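Structure assessment
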Amino acid sequence: MTATDEFGHLDTPLEASSSPALKFEVYARCSTTKARASKMHLPHYTAHTPMFMPVGTMGSIKGITTKQLEALDCHVILGNTYHLGSRPGPELLEKAGGLHKFMTWDRGLLTDSGGFQMVSLLKLANITEEGVEFENPHDGQKMMLTPEMSIGLQNAIGADIMMQLDDVVSSLTTGPRVEEAMWRSVRWLDRSIKAHKRPTEQNLFPIVQGGLDIELRTKSAQELVKRDSPGYAIGGLSGGEAKGSFWRMVSLSTDILPTNKPRYCMGVGYAEDLVVCSALGVDMYDCVFPTRTARFGNALVRTGSMSLKQGRYTSDLEPIDKDCDCPTCAKYTRAYLHTTATKETTGCHLITVHNIAFQMRLMLDIRQAIIEDRYPAFIREFMRIRFGKTVPMWIVDALKSVNVDLTVPDSSGYSAKPVADDFQKVPNAWADL
């Protein structure tokens, strides 16, 4: 199966790589930034990048069926190895023929290694050279997750893309622990490669680490490139670090990683981050934010986030976004969603559908702008609608590094003043929705 073709007359890739279970073809490059539009041929689906992957922790996205995800044109979704390994468990998944068949999903799947959950969610996690020791939340017993066990679980799950187990440290950590974790992650990658039993059916992506240290992150990326993997992930970010540090680590990583292979920035899902990181050369993203925020009554729009719980929507008979063609916007009003948001599962479901559709449409628009070589103009218009005349400094600096200067007026007269805030605090009222 393949997605609806968006590449039109572009028949010959500019650059490509081929692995036993993944073929990556770059069909268009932005002539100004590092953005590119590509096809990633996976065992179950041909995905178009840049792309966003919704997170289905236990093989499902709350309130959404796989048929709905397909109708929303999701190319790849993400599952969590720790949770899937606990329930339904590898034995049942193998008996069912893998997670694709178990959840009736015939497009792409990516599984994380489970390491992040070990450290961030569980009590008494202790990292040693062998692996991650933790207390089982179900029975309190001590357990160990090793690189070999993580790969074994992911082989049973059967995802198109698997992630190595890495030594996870907070992006705010400094000092020798960061270097220790970086080198241990490299060693664990080598163990993961040896343990991988299905290299012709599944792809193993290593993860660039090194915290916010330029030298360590550079060395990490260089070491991973030596392993000649099908694709690479940029990890250890989106953990509360300053956005100015975040974008610099992303850009440094994409400068080192191969240009003919996919680059996956883990845990990124805010719309402005997707636009900026695509300009920095990233191809893949995932984040729980769009679906999680929907359960709190927040709908995503180009101007920011619309809190449908607010009383101002009590009698508002407009859709969330009049330009959105998702099933929610086609049939339901803001007033109805205000009535049901956070109170009824129906409201959560309908806003989740819209938020996923918003992410998919944004990524499609990004790809089309790259293919038509008008991405800088797209960026400027996006930022004008998103922020108006004041744009976070980190965005201005990041875009300036790839030759898009928002402080210089464009042909329409738009320019932006940098401000210190990392995040948008309220939706941009300056632009019409």
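A brief look at the structure comes next. (Residues numbered from 1 in each chain as written. Predicted model: local features only at pLDDT ≥ 70, side-chain atom pairs only at ≥ 80, totals over all residues. Heavy atoms only, no water.)

1. Regarding the sheet that holds strand 7 (residues 108-111)
- Pairing within the open sheet is parallel, and its 4 strands lie in the order 6-7-11-12. For this open sheet the edge positions go to strand 6 (76-79) and strand 12 (203-205), each flanked by a neighbour on one side alone. On average, each strand axis in the sheet is tilted by 25° relative to the strand beside it, whichever way the strands run.
- Two elements, strand 6 and strand 7, share 4 bridges in a ladder whose sense is parallel. By the bridge assignment for strand 7, Ile77 is matched with Leu109. (Pairing = 2+ DSSP bridges. Helix = DSSP H or I, 4+ residues; strand = E, 2+ residues; numbered from the N terminus. Axes fitted to C-alpha atoms, helices over the stretch in contact; angles between N-to-C directions.)

2. Notes on empty space enclosed by the protein
- Applying the stated rule across the entire model yields 1 cavity of 30 Å³ or more.
- Reported here for the largest cavity is a volume of approximately 40 Å³.
- Considering the residues around the largest cavity, the lining is formed by Phe52, Pro54, Cys287, Pro290, Thr291, Asn355, Ile356, Gln359 and Met360.
- At the level of elements, strand 5 (51-54), helix 11 (289-294) and helix 14 (345-371) are the ones that each hand at least two residues to the lining of the largest cavity.
- Per-element tally for the lining of the largest cavity: the top contributor is helix 14, with 4 residues.
- The residue inventory of the lining of the largest cavity, partitioned by class, reads 6 nonpolar, 3 polar and no charged. (1 Å grid on protein atoms, 1.4 Å probe; cavity = no way out; pocket = protein on both sides within 12 Å on 5 of 7 lines; lining within 4 Å. Points joined across faces, edges and corners; volume = space filled by probe spheres on them. Nonpolar A, V, L, I, M, F, W, Y, C, P; charged D, E, K, R; others polar.)

3. Re the packing of aromatic side chains
- Taken as a whole and judged by the stated rule, the model has 6 aromatic pairs.
- Between Phe246 and Trp394, the ring centres sit 6.3 Å apart and the planes meet at 80°, which makes this aromatic pair edge-to-face. With a gap of 148 residues between them, Phe246 in helix 9 (residues 243-256) and Trp394 in helix 16 (residues 393-400) connect regions that are remote in the sequence.
- Looking at Trp394, the relative accessible area reads 3%, which means it is buried.
- Judged by centre distance (4.6 Å) and plane angle (75°), the ring pair of Tyr270 and Phe289 falls under edge-to-face. In this pair, Tyr270 sits in the loop between strand 15 (263-265) and helix 10 (271-279) while Phe289 sits in helix 11, placing the two residues 19 residues apart along the sequence.
- Among the aromatic residues, those joined into a ring-pair cluster are Tyr375, Phe378 and Phe382.
- If you follow Lys39 out to its NZ or CZ, it ends over the ring of Tyr27, 5.1 Å from the centre.
- Above the face of the Phe246 ring, Lys243 is positioned so that its terminal group lies 4.5 Å from the ring centre. (Phe/Tyr/Trp six-rings, centres within 6.5 Å; stacked < 30°, edge-to-face > 60°. Buried < 20%, exposed > 50% of the residue type's maximum accessible area, 1.4 Å probe, protein only. Lys NZ or Arg CZ within 6 Å of the ring centre and 35° of its normal.)

4. Remarks on the packing of helix 9 against helix 16
- The geometry of helix 9 relative to helix 16 is characterised by a closest axis approach of 9 Å and an angle of 20° between their N-to-C directions. Comparing the axis directions of helix 9 and helix 16 gives the class roughly parallel. Between helix 9 and helix 16 lies a crossing whose hand is right-handed. For the pair helix 9 and helix 16, the contacting residues are Lys243, Gly244, Phe246, Trp247 and Arg248 in the first and Trp394, Asp397 and Ala398 in the second.
- Considered class by class, the residues forming the contact of helix 9 with helix 16 number 4 nonpolar, 1 polar and 3 charged. (Parallel < 35°, antiparallel > 145°, perpendicular 65-115°, else oblique. Left-handed = near helix turned anticlockwise from the far one by under 90°. Contact = heavy atoms within 4.5 Å.)

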